[in-house]
Amino acid sequence: GGMYCTSSSPTLTNCTFTDNTADEGGGMACYHSSLTLENCSFTGNTAGDYGGGGMYCYESSLTLTGCTFTDNAVSSSGGGIYCYNSPATLESCTFTNNSATDYDGGGIYCSTPASILTLDNCTFTDNTSGESGGGISCNYASLTLENCSFRNNTARDYGGGIKSNSDTSRLEDCAFTNNTATEGGGMYCIDSSPTLTNCTFTDNLANGDGGGIFCKSSSPTLDFCTLTNNTADE
């Protein structure tokens, strides 16, 4: 793809990754590395079966500020970013029109407990996934979101905005609007105990169950949350 890092600690500022292609990490692939990116953009990058249309991270740490991921695509998981055993901290980043055609995480896919995903003031708009998590899909990964918004994201099966099965998920001051899935238009939780504070779910759609939120084998805690005009067909 555009850039490959292994056992490295690069710092990138105002860099652009456009129309790059690889089996994993169309824009960038990193292994056992520590990356710091500021005001960087990933646009129109593609990846194959191994994931990460924009970026692929394997046992690495990632700090992003003011970065954009637009029109990136992958045939498997992680249209924008794929994280495996990789903690990631994102601030003021945007994910727009990224897609994971066959599987999970149109915007971001993260897996394993070591993938600690922390987001502040990030937006997810018009991202799509072939299975779960149009905006974000977390597979046994820790998720902390503050002041984040999810609008017009779509998952074919589970969680138009977010799909999560982490006991330690925490969302505060987040908004879910016009997201769509078969189950859990706004958010889908399985084997999970998320805590949501001051979150809003508006105009989300489930073609099956749970227009705003779908919970399976889960124990969510909601405090000062508002669910308005969400729709479920069943």
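Here we summarise the structure given alongside this text.

1. Topic: the overall build of the chain
- A count of helices and strands for the chain gives zero helices and 36 strands.
- The C-alpha atoms of the chain give 16 Å as radius of gyration, which agrees with the globular expectation for 234 residues (17 Å, within 12%).
- Its C-alpha atoms give the chain principal-axis dimensions of roughly 45 × 25 × 25 Å.
- By the burial criterion, 52% of the 234 residues in the chain qualify as buried.
- When contacts within the chain are restricted to residue pairs at least 6 apart in sequence, long-range pairs at least 24 apart make up 81% of them.
- When the accessible surface of the chain is totalled, it reaches about 8700 Å², and 44% of it is carbon and sulfur.
- Side chains of the chain carry 5 positive and 25 negative charges; the gap between the two charge centres is 6 Å.

2. Quick word on the pattern of salt bridges
- For the structure shown, the criterion picks out three salt bridges.
- The partner of Arg156 in a salt bridge is Asp157, with the nearest N and O atoms 3.1 Å apart.
- Residues Glu172 and Arg170 are paired through a salt bridge, measuring 3.2 Å at the closest nitrogen-oxygen approach.
- For Glu172, a relative accessible area of 27% gives the class partly exposed.
- The network of salt bridges with shared partners includes Glu146, Arg170 and Glu172.

3. Some remarks on the sheet that holds strand 26 (residues 170-172)
- Across the sheet, nine strands lie side by side as 2-6-10-14-18-22-26-30-34; this open sheet has parallel pairing. One side of each edge strand has no neighbouring strand; the edge strands of this open sheet are strand 2 (11-13) and strand 34 (221-223). For this sheet, the mean inter-axis angle between neighbouring strands, taken without regard to orientation, is 5°.
- As defined by bridge partners, strand 18 (residues 116-120) adjoins strand 22 (residues 142-146) across five bridges and the pair is classed as parallel. Residue pairing across strands places Leu119 opposite Leu145, the latter belonging to strand 22.

4. Things to note about the packing of aromatic side chains
- Summed over all chains, the structure comprises 15 aromatic pairs.
- Pairing Tyr56 with Tyr82 gives two aromatic rings, centres 5.0 Å apart and planes at 15°, and the pair type is stacked. Of this pair, Tyr56 sits in strand 9 (residues 55-58) while Tyr82 sits in strand 13 (residues 81-84); the two residues are 26 residues apart in sequence, bridging distant segments of the chain. The pair Tyr56 / Tyr82 is uniform in exposure class, with both members buried.
- When the centroid spacing of 4.5 Å and the interplanar angle of 5° are considered together, the rings of Phe176 and Phe201 count as stacked. Here Phe176 is found in strand 27 (residues 175-177), whereas its partner Phe201 is found in strand 31 (residues 200-202), with 25 residues between them in sequence. One exposure class covers both Phe176 and Phe201, and it is buried.

5. Side note on the sheet that holds strand 13
- Read from one edge to the other, the open sheet built from nine strands follows the order 1-5-9-13-17-21-25-29-33, with strand pairing classed as parallel. Each edge of the open sheet carries a strand with a single partner, namely strand 1 (3-6) and strand 33 (213-216). Taken pair by pair, the neighbouring strands of this sheet meet at an average axis angle of 5°, ignoring direction.
- Judged from the four bridges that link them, strand 29 (residues 187-190) and strand 33 form a sheet pairing that is parallel. Residue pairing in the sheet places Tyr188 in a bridge with Phe214 of strand 33.

Criteria and thresholds
Residues numbered from 1 in each chain as written. Predicted model: local features only at pLDDT ≥ 70, side-chain atom pairs only at ≥ 80, totals over all residues. Heavy atoms only, no water. Helix = DSSP H or I, 4+ residues; strand = E, 2+ residues; numbered from the N terminus. Rg over C-alpha atoms; globule rule 2.2 N^0.38 Å. Buried < 20%, exposed > 50% of the residue type's maximum accessible area, 1.4 Å probe, protein only. Contact = heavy atoms within 4.5 Å. Areas by Shrake-Rupley, 256 points an atom, 1.4 Å probe, with all protein chains shown as cover. Lys, Arg positive; Asp, Glu negative; His and termini not counted. Charge placed at Lys NZ, Arg CZ, Asp CG, Glu CD. Salt bridge = Lys/Arg side-chain N within 4 Å of Asp/Glu carboxyl O. Pairing = 2+ DSSP bridges. Axes fitted to C-alpha atoms, helices over the stretch in contact; angles between N-to-C directions. Phe/Tyr/Trp six-rings, centres within 6.5 Å; stacked < 30°, edge-to-face > 60°.

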